[in-house]
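Read off the chains here:
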Amino acid sequence: MSAESHPARTALGRARGRHRAYLVATCVALLVAAIGDEATGYDGPGPFIYPAFALLVALVPGRFTPLIATAMGAFFVIGGVASPVFVHRLLDPGHLGDFVAGWGQMAGFAVAAMCAVAAVVTARPSRQLSV
């Protein structure tokens, strides 16, 4: 049996072209956010949550699945900006490691959100409705 007779089961396996590139970029951006979170020394669950969402985006087929990364990124950006301690880390270049890691984390969330939306926009609908 050829590989073409069995359709791919994962989102990345089914994606082609720009859609696939946006899915990969979303996953990489979430991993960058996890590295940034871990580098700040914060003891929360973020470094485990972000890669889990990257796996969901990569593995779970569905046109709108990447939007979970957008929602999660927005949730954590708003939560970070609401925390005076985190905002201080973003605004204090005196502690270069925390400063760079914090901005890397925020950039990872922003890029993941944008790429996830682009992945949804460039995805082919799974079925065409006939009229």
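Just above sits the structure.
As the structure is a prediction and not an experimental result, all values here were calculated from the model.

### Thoughts on the overall build of the chain
Here comes step 1: Along the chain, the regular secondary structure elements total 6 helices and 0 strands.
Here comes step 2: Its helices and strands in sequence order give the chain the pattern α-α-α-α-α-α, from N to C terminus.
Here comes step 3: With respect to the three principal axes, the spread of C-alpha positions in the chain is 60 × 35 × 20 Å.
Here comes step 4: Residue burial in the chain is summarised as follows: out of 131 residues, 34% are buried.
Here comes step 5: At a minimum sequence separation of 6, the contacts of the chain that also span at least 24 residues come to 66%.
Here comes step 6: When the accessible surface of the chain is totalled, it reaches about 8,200 Å², and 70% of it is carbon and sulfur.
Here comes step 7: Taking the 9 positively charged and 6 negatively charged side chains of the chain as two groups, their mean positions are separated by 25 Å.

### Some words on helix α2 (residues 17-39)
Here comes step 1: Between the first and last C-alpha of α2 there are 33 Å, a value that for 23 residues agrees with the 33 Å anticipated at 1.5 Å per step.
Here comes step 2: Looking at α2, one finds that the buried residues are His19, Leu23, Thr26, Cys27, Ala29, Leu30, Ala33, Ala34, Gly36 and Asp37.
Here comes step 3: Downstream of α2 by one or two residues, glycine 41 has phi in the positive range, about 85°.

### Some thoughts on the nonpolar core
Here comes step 1: Among the nonpolar cores identified, the biggest contains 21 residues, and Leu23, Leu30, Tyr50 and Phe109 are the most heavily contacted of them.
Here comes step 2: Secondary structure elements with two or more residues in this core: α2, α3 (46-59), α4 (67-82), α5 (84-91) and α6 (96-122).
Here comes step 3: Among the elements that line this core, the one with the most residues is α2, at 6 residues.
Here comes step 4: Non-local contacts of leucine 30, meaning those with residues more than four positions away in its chain, are made with Tyr50, Phe53, Ala54, Ala69, Met72 and Ala112.

### A short note on the environment of cysteine 115
Here comes step 1: As for its placement among the helices and strands, cysteine 115 is situated in helix α6.
Here comes step 2: Note on cysteine 115: relative accessible area 13%, which makes it buried.
Here comes step 3: Here cysteine 115 is in contact with Tyr22, Ala25 and Thr26, once residues within four sequence places are set aside.

Conventions used here
- Residues numbered from 1 in each chain as written.
- Predicted model: local features only at pLDDT ≥ 70, side-chain atom pairs only at ≥ 80, totals over all residues.
- Heavy atoms only, no water.
- Helix = DSSP H or I, 4+ residues; strand = E, 2+ residues; numbered from the N terminus.
- Buried < 20%, exposed > 50% of the residue type's maximum accessible area, 1.4 Å probe, protein only.
- Contact = heavy atoms within 4.5 Å.
- Areas by Shrake-Rupley, 256 points an atom, 1.4 Å probe, with all protein chains shown as cover.
- Lys, Arg positive; Asp, Glu negative; His and termini not counted.
- Charge placed at Lys NZ, Arg CZ, Asp CG, Glu CD.
- Expected span 1.5 Å × (residues − 1).
- Core = buried A, V, L, I, M, F, W, Y, C linked by side-chain atoms within 4.5 Å.

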